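# Analysis of the macromolecular model
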Amino acid sequence: MSGPATGAGSSSTPIRDLRIVVPARDEAETLAECLAALTVAMDSIRCASAGVRVQLVLVLDSCRDASARIAARASERDERIRVIEGLHGSVGEARRAGVRAALSLSSGGDPTAVDPTSTWIASTDADSAVPRGWLLTHLEFADAGIDLLLGTVNVEPQADAPHIEARWRRDYSSVEGHPHIHGANLGVRASAYLAAGGFPPIREHEDTGLAAAVSACGFTVHSTASSPVLTSGRQRGRTPGGFAGYLEDLCAPNLEPRDNRDTASERSRA
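The rules behind each value
- Residues numbered from 1 in each chain as written.
- Predicted model: local features only at pLDDT ≥ 70, side-chain atom pairs only at ≥ 80, totals over all residues.
- Heavy atoms only, no water.
- Phe/Tyr/Trp six-rings, centres within 6.5 Å; stacked < 30°, edge-to-face > 60°.
- Buried < 20%, exposed > 50% of the residue type's maximum accessible area, 1.4 Å probe, protein only.
- Lys NZ or Arg CZ within 6 Å of the ring centre and 35° of its normal.
- Salt bridge = Lys/Arg side-chain N within 4 Å of Asp/Glu carboxyl O.
- Helix = DSSP H or I, 4+ residues; strand = E, 2+ residues; numbered from the N terminus.
- Pairing = 2+ DSSP bridges.
- Right-handed = clockwise from strand over helix to strand, strands pointing away.
- 1 Å grid on protein atoms, 1.4 Å probe; cavity = no way out; pocket = protein on both sides within 12 Å on 5 of 7 lines; lining within 4 Å.
- Points joined across faces, edges and corners; volume = space filled by probe spheres on them.
- Nonpolar A, V, L, I, M, F, W, Y, C, P; charged D, E, K, R; others polar.

In this structure the tally under the stated criterion is one aromatic pair. Note on Y193 and F199: the rings are 5.7 Å apart at their centroids and 65 degrees apart in plane angle, and the pair reads as edge-to-face. With respect to burial, Y193 and F199 carry one shared label: buried. One residue, R95, lies across the ring of F199, its end atom 5.9 Å from the ring centre.

Below you can see the structure in the form of structure tokens.
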């Protein structure tokens with residue numbers, strides 16, 4: 001999806017509330033690193049953007065590993081981190097539940113719900129690590145009038161399959177206006193999110209579903225290569241059509257990625 005594309009629904013209202021939503025399903029191996037990176041990014045907002053409130057909602061979906069213990073320790077250390085648990089069974093439903101919880105959080109001591117036009121929802125994954133300036137990048141584009149921001153990712157090198165990163169990067173376009181859609185690096189104004197019906201409650205492609213709906217509503221969409229998110233290079237994911245499956249296909253030297261799709265909208269992970 002290219003951008004920017006300005007529509008009648010675009011908004012230039014400055015952002016006052018940032019809400020981060022992270023779904024996690026048995027991500028004990030990477031969750032602590034994910035939350036540590038997000039903590040640094042939240043601290044950067046506090047230092048650089050006075051008056052912008054930031055909170056994180058971590059959605060534990062049917063976790064059977066140590067994810068809950070890791071999440072509990074993180075929330076005890078940082079009051080900005082809220083943890084909710086559920087048996088959603090799909091990344092779309094988990095993200096949807098996370099956004100619903102994030103928008104119900106009080107704003108700066110005000111018990112009323114946040115203002116959707118001045119609230120930004122940033123989405124990433126529990127097997128990913130955002131850069132220090134990730135939220136600042138989202139805030140900059142949002143304050144410039146963007147309603148949906150689509151970011152890029154970098155794949156973490158795998159010692160047992162060093163060629164995957166090279167093969168993936170060969171076909172990956174990391175430029176402004178790129179065609180990729182990743183749930184691991186996506187941001188949306190709450191008013192646009194609500195108007196578009198939110199993340200569809202499906203097992204995969206919920207990110208592309210939301211992007212298509214926001215665009216169809218006439219909101220402003222932009223694809224940026226700024227602040228790429230480092231994401232897992234694993235080849236076994238939570239859904240058959242996820243990003244891990246795409247990387248698995250890259251391991252087969254004579255096979256095209258399944259569905260014979262290019263990297264325009266890599267499949268999201270659960």
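So, on to the pattern of salt bridges. This structure, assessed with the given rule, holds 10 salt bridges. Each of D43, R46, D78 and R80 takes part in salt bridges that share partners, so that together they form one network.

Let us look at the pairing of strand β8 (residues 186-189). Along β8, one buried face is formed by L186 and V188 and the opposite face, lined by G187 and R189, is buried too. When strand β4 (residues 119-123) meets β8, the two strands line up antiparallel, connected through four bridges. Paired with A122 across the strands is G187, a residue of β8. As defined by bridge partners, strand β6 (residues 148-150) adjoins β8 across three bridges and the pair is classed as antiparallel. Looking across to β8, one finds that L148 is bridged to V188.

It is worth spelling out the pairing of strand β2 (residues 53-61) at this point. The element β2 is largely enclosed, with a buried count of eight among its nine residues. Following the backbone out of strand β1 (residues 17-24), through helix α1 (residues 28-48) and into the adjacent parallel β2, one traces a crossover that is right-handed. The pairing of β2 with strand β3 (residues 81-86) spans six bridges and is parallel. Looking across to β3, one finds that L56 is bridged to I81. As a crossover connection, the stretch from β2 through helix α2 (residues 67-77) into β3 is right-handed.

We now examine the sheet that holds strand β10 (residues 229-231). Read across the open sheet, the three strands follow the order β5-β10-β7; overall the sheet is mixed. Both outer strands of the open sheet, β5 (128-129) and β7 (153-155), are each paired with one neighbouring strand and no more.

Looking now at the layout of surface pockets. There is about 150 Å³ of room inside the second largest pocket. At the level of secondary structure, the elements contributing two or more residues to the lining of the second largest pocket comprise α1 and α2. Classifying every residue of the lining of the second largest pocket gives six nonpolar, one polar and three charged.

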